[in-house]
Structure formats: C-alpha cells, structure tokens
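Listed below are the residues making up each chain.
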Amino acid sequence: MLTSLGPRFAEIVRQYRASLPGRIAAMEDGALMGAHDILAVSAHRLAGSSASLGASEVALLCRSLETACASQKQVPADWQQRLTAITRACDAFDERLEALELD
C-alpha cells in the first residue's frame, strides 16, 4: 500500500519508523542528564516529523513536553510519564504504518 503512494514516501515512512527508538532514547538521555534543552530539542524533532506523517497524538505529546521544558527551564518532574505516553503513541502509530506496508 505504501509503495502505491510513491517510492519516496515509502522510504520516508521506513526512515521514520527506523528512527523512533533512537529519538525516544535521545529524549530519555536528555532527561536523565537533567538537560532540559536536549530533551526539548529531541521532543521538537520528533513532533515535527510525526506531524508531517499524520501522527497527531505523537506530535501533540511531544510539543507538550517541549513546552514544559521551555517554560520550567528544567526537566519536568513527570518526564517519565510523558515519555511513556509518547512511546505508547509512537508504538500505536508504528503499528498502523506497518499495516500499511503489509497491504
């Protein structure tokens, strides 16, 4: 199904899917280091690429985390819960993309 949308789009989707574990790990690393700026940038990047592909829930959760980092000038106390929600949303979107690839 994805290839019917064009080979370039299918490749973008594959790259996005492959990048998810690393992007989530970058956010976790930033939080564990206490680096709110790294966490915010990582969330911003995932929000942008997710929004581009229609993963609106992922984008919304990432933007909320980015905003919390910027407004508090520190890693939010609830970063683990936020990252868990982002991971779940990413997993759900990834499953939908996988289903498209298999059609």
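Quantities reported herein were computed from a predicted structural model and do not represent experimental measurements.

1. Description of the environment of Gly48
Phase 1 of the analysis: Along the chain, Gly48 falls in helix α2 (residues 36-53).
Phase 2 of the analysis: The class for Gly48 is partly exposed, based on a relative accessible area of 31%.
Phase 3 of the analysis: Taking the C-alpha atoms as reference points, Gly48 and Leu60, separated by 12 residues in sequence, lie 9.9 Å from one another.

2. Observations concerning helix α3 (residues 56-72)
Phase 1 of the analysis: Spanning 17 residues, α3 covers 24 Å between terminal C-alpha atoms, matching the ideal 24 Å at 1.5 Å per step.
Phase 2 of the analysis: Buried within α3 we find Val58, Ala59, Cys62, Leu65, Ala68 and Cys69.
Phase 3 of the analysis: Of the residues flanking the end of α3, it is Lys73, one or two places downstream, whose phi is positive at about 55°.

3. Concerning the nonpolar core
Phase 1 of the analysis: Formed by 25 residues in total, the largest nonpolar core has its most connected members in Tyr16, Met27, Leu46 and Val58.
Phase 2 of the analysis: Counting only elements with at least two residues in this core, the list comes to α1 (7-33), α2, α3 and α4 (79-102).
Phase 3 of the analysis: If you tally residues by element for this core, the top one is α4, at seven residues.
Phase 4 of the analysis: Contact partners of Val58, with chain neighbours within four places excluded, come to Tyr16, Leu46, Ser50, Ala89 and Cys90.

4. Focus: the packing of aromatic side chains
Phase 1 of the analysis: Counting across every chain of the model gives one aromatic pair.
Phase 2 of the analysis: Ring geometry for Tyr16 against Phe93: centres 6.0 Å apart, planes inclined by 85°, an arrangement best described as edge-to-face. Highlighted residues: Tyr16 in helix α1 and Phe93 in helix α4, separated in sequence by 77 residues. Here Tyr16 and Phe93 have matching classes, each one buried.

5. Focus on the packing of α1 against α2
Phase 1 of the analysis: Their axes nearest at 9 Å, the elements α1 and α2 cross at an angle of 160°. For the element pair α1 / α2, the angle class is roughly antiparallel. The way α1 lies across α2 gives a crossing that is left-handed. Touching Phe9, Ile12, Val13, Tyr16, Leu20, Arg23, Ala26, Met27, Gly30, Ala31 and Met33 of α1 are Ile38, Leu39, Ser42, Ala43, Arg45, Leu46, Ser49, Ser50 and Leu53, all from α2.
Phase 2 of the analysis: Tallied by class, the residues present in the contact of α1 with α2 amount to 14 nonpolar, four polar and two charged.

6. Notes on unusual backbone geometry
The phi angle of most residues is negative, glycine excepted, and most peptide bonds adopt the trans form.
Phase 1 of the analysis: In this structure, Lys73 takes a positive phi of about 55° despite not being glycine.
Phase 2 of the analysis: By the secondary structure assignment, Lys73 is in the loop between α3 and α4.
Phase 3 of the analysis: Taking the relative accessible area as the measure of exposure, Lys73 reaches 60% and is therefore exposed.

7. Looking at the side chain of Ser42
Phase 1 of the analysis: If you trace the backbone, Ser42 turns up in helix α2.
Phase 2 of the analysis: Not counting residues up to four positions away in its chain, the partners in contact with Ser42 are Ala26 and Met27.

Reading guide: rules and limits
Residues numbered from 1 in each chain as written. Predicted model: local features only at pLDDT ≥ 70, side-chain atom pairs only at ≥ 80, totals over all residues. Heavy atoms only, no water. Helix = DSSP H or I, 4+ residues; strand = E, 2+ residues; numbered from the N terminus. Buried < 20%, exposed > 50% of the residue type's maximum accessible area, 1.4 Å probe, protein only. Expected span 1.5 Å × (residues − 1). Core = buried A, V, L, I, M, F, W, Y, C linked by side-chain atoms within 4.5 Å. Contact = heavy atoms within 4.5 Å. Phe/Tyr/Trp six-rings, centres within 6.5 Å; stacked < 30°, edge-to-face > 60°. Axes fitted to C-alpha atoms, helices over the stretch in contact; angles between N-to-C directions. Parallel < 35°, antiparallel > 145°, perpendicular 65-115°, else oblique. Left-handed = near helix turned anticlockwise from the far one by under 90°. Nonpolar A, V, L, I, M, F, W, Y, C, P; charged D, E, K, R; others polar.

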